[in-house]
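Residue-level structure breakdown
Take a look at the letters that make up each chain.
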Amino acid sequence: MSTAAAIRSHAADLSGEVTELRHRLHQEPEIGLHLPRTQEKVLEALDGLPYEVSMGRDTTSVTAVLRGTARSSASRKPVVLLRGDMDALPVQEQTGAPYASRIDGAMHACGHDLHTAMLAGAARILADRRDQLAGDVVLMFQPGEEGFDGAGVMIREGVLEAAGRRPDAAYGIHVVSSLLPNGLFASRPGTLMSASDGLYVTVHGAGGHGSAPHRAKDPVTVAAEIVTSLQTMITRQFDMFDPAVLTVGLLHAGTKRNVIPESARIEATIRTFSEQNRELMRTAIPRLVNGIAEAHGLHATVEYETEYPLTVTDAGETSNIEKHVRDLFGDERYTQMVNPLSGSEDFSRVLAAVPGSFVFLSAVQPGVDPAGTAFNHSPYAAFDDSILADGTALYAQLAMARIAELSGA
């Protein structure tokens, strides 16, 4: 039996345990950087395995290093990093699943429970093949992906040096509950996901009676003009072939319909696919906002927060993912994405430091139209357990095969 077939078989044998762990994680979702119950479950899954386990100082991360014992002809033992994020979202679950969230206002609506369970399953497979590994594997169980920059925290705390040297390759898997047919893997070389930034604007005016706006300085109408002008700016200052997305998710002002408030608040998310456009946003938005406010005799405070960078995959490592998906599951199970996604990922920080790649795996439930079902982050997002064995196998295969290549085995 080939190594790929043996790993696939082993993952299938573990599927019941991986599914059970996924359900337990799903029932107790935790948000942000501090996930004590999730961390406990991960530590239980690693208990008794030959890993060097460490935990984060400023977050409940888990880093586990497996030291391969096979001999290597390389000048130094290679290192491969595998990442699984663990945090949930502040979403009230509406799926009706028998293992639905028991925590009010929290849900694994982005599938991180699947990532964690698959990586824990891969930990078992790799531990059982320690004597075949001529290098080391770092497992990165990461909190705080959903807006808390958990990857940045773990990097600052040394996850990239956990094996004693920086990884030669890094891989991540992310499930989706929509878009792709069940079981299909998808990625692309180069820009895979957008950069993400935050915009926070306060328009400062002067309050007054709603019947006499000329005696006040109305921030509401100015805020409304800013919102529409931001959208116009995208169409007139940015190349349509290098897209940018600006979505205002919060617009707040006032307390009563006949009272002109003192201020109005705008908050927006910004997604760009090039450093050029990201830099243009940083300069164009404050100029536009301040110009509109001053034209009406008001002033504005603009905060532009840089969040996650572009997720850029290495072409060679993306080819490795494609090759091993085809070896494990067949040619029909992989597709190359034509365009990047406008979502963002803090795994981008790992990929900026280490050659690596990131792949999507469809967990759309069988018999469901992937174009019409709820996408990640929805309270109705549902993920199919049947793909857990495949993700587990791919994690393990990527580590085994890349170390073998790098070590000359």
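Per an unreviewed UniProt entry, the protein chain goes by M20 family metallopeptidase and derives from Arthrobacter vasquezii.

The final tally for this structure, using the stated rule, is three aromatic pairs. Aromatic side chains phenylalanine 185 and phenylalanine 329 sit 5.6 Å apart centroid to centroid with 10° between the ring planes, which places their arrangement in the stacked category. With phenylalanine 185 in strand β6 (residues 185–187) and phenylalanine 329 in helix α7 (residues 315–329), this residue pair connects regions lying 144 residues apart in the sequence. Of the two residues examined, phenylalanine 185 and phenylalanine 329, each falls in the buried class. Ring centres of phenylalanine 347 and phenylalanine 358 lie 5.5 Å apart, and the angle between their planes is 35°; on these two criteria the pair is classed as tilted. In this pair, phenylalanine 347 is assigned in the loop between β15 (334–336) and α8 (348–353) and phenylalanine 358 in strand β16 (residues 356–362), connecting sequence segments 11 residues apart. With a relative accessible area of 0%, phenylalanine 347 lands in the buried category. By the ring-pair criterion, three or more aromatic residues cluster together here, those being Phe347, Phe358 and Phe360. Over the ring of phenylalanine 329 we find arginine 333; its NZ or CZ atom is 4.8 Å from the centre of that ring.

Okay, the packing of helix α1 (residues 3–27) against helix α2 (residues 36–46) next. As a packed pair, α1 and α2 sit with axes 10 Å apart at the nearest point and diverge in direction by 165°. Relative to α2, α1 is oriented roughly antiparallel. As for the relative orientation of α1 and α2, their crossing is right-handed in sense. Within the contact between the two elements, α1 uses Leu21, Arg24 and Leu25 and α2 uses Thr38, Lys41, Glu44 and Ala45.

As a further point, take the sheet that holds strand β4 (residues 136–142). Across the sheet, eight strands lie side by side as β1-β2-β4-β3-β5-β16-β6-β15; this open sheet has mixed pairing. Since the sheet does not close on itself, it has two edges, and those belong to β1 (51–55) and β15, each with one partner. Going from strand to strand, the sheet's axes swing by 20° on average, the running direction of each strand aside. Sheet topology places strand β5 (residues 169–176) next to β16; seven bridges connect them, and they run parallel. The residue bridging histidine 174 from the neighbouring strand is phenylalanine 360, located in β16.

Moving on, we come to the nonpolar core. The biggest cluster of nonpolar side chains holds 58 residues, and the ones touching the most others in it are Tyr51, Leu82, Leu126, Val137 and Leu139. Residues in contact with leucine 126, not counting those within four places in the same chain, are Tyr51, Leu66, Leu82, Leu133, Val137, Ala396, Ala399 and Met400. Val201, Val203, Ile266 and Ala300 belong to the second largest nonpolar core, which has 26 residues in total.

A separate point is α1. Taking 1.5 Å per residue, 25 residues should reach 36 Å; α1 reaches 35 Å between its end C-alpha atoms and fits that length. Approximately 50° is the largest bend angle found in α1, and it occurs at leucine 14.

Before going further, it helps to examine the environment of valine 201. Positionally, valine 201 belongs in strand β8 (residues 195–204). On the basis of relative accessible area, valine 201 is assigned to the buried category, the value being 0%. Along the sequence, valine 201 and valine 312 sit 111 residues apart, while their C-alpha atoms lie 30 Å from each other. Discounting residues that sit within four places of it in the chain, valine 201 has contacts with Ala264, Arg265, Ile266, Val289, Ala300, Thr301 and Val302.

With that settled, consider the sheet that holds strand β10 (residues 244–253). Here we have four strands laid out as an open sheet, ordered β10-β12-β8-β13, and antiparallel in their pairing. Unpaired on one side and paired on the other, β10 and β13 (299–308) mark the two borders of the sheet. With strand direction ignored, the average angle separating the axes of adjacent strands in the sheet is 15°. Where β10 meets strand β12 (residues 263–272), nine bridges bridge the pair, whose relative direction is antiparallel. By the bridge assignment for β12, valine 245 is matched with arginine 271. Sitting on the sheet, helix α5 (residues 219–237) touches β8, β10 and β12, and the angle it makes with β10 is about 170°. Contacts between helix α6 (residues 275–295) and the sheet are confined to β8, β10, β12 and β13, with β13 contributing the most and set at about 165° to the helix.

Another aspect to go through is the pairing of β16. Burial within β16 is extensive, with seven of its seven residues counted as buried. Here β16 shows a buried face lined by Gly356, Phe358, Phe360 and Ser362 and a second buried face lined by Ser357, Val359 and Leu361. By the bridge criterion, two bridges tie β6 to β16 in an arrangement that is antiparallel. Note on β16: the bridge partner recorded for phenylalanine 185 is leucine 361.

Rules and cut-offs
- Residues numbered from 1 in each chain as written.
- Predicted model: local features only at pLDDT ≥ 70, side-chain atom pairs only at ≥ 80, totals over all residues.
- Heavy atoms only, no water.
- Phe/Tyr/Trp six-rings, centres within 6.5 Å; stacked < 30°, edge-to-face > 60°.
- Helix = DSSP H or I, 4+ residues; strand = E, 2+ residues; numbered from the N terminus.
- Buried < 20%, exposed > 50% of the residue type's maximum accessible area, 1.4 Å probe, protein only.
- Lys NZ or Arg CZ within 6 Å of the ring centre and 35° of its normal.
- Axes fitted to C-alpha atoms, helices over the stretch in contact; angles between N-to-C directions.
- Parallel < 35°, antiparallel > 145°, perpendicular 65-115°, else oblique.
- Left-handed = near helix turned anticlockwise from the far one by under 90°.
- Contact = heavy atoms within 4.5 Å.
- Pairing = 2+ DSSP bridges.
- Core = buried A, V, L, I, M, F, W, Y, C linked by side-chain atoms within 4.5 Å.
- Expected span 1.5 Å × (residues − 1).
- Bend = angle between axes of the 7 residues up to and from the residue.

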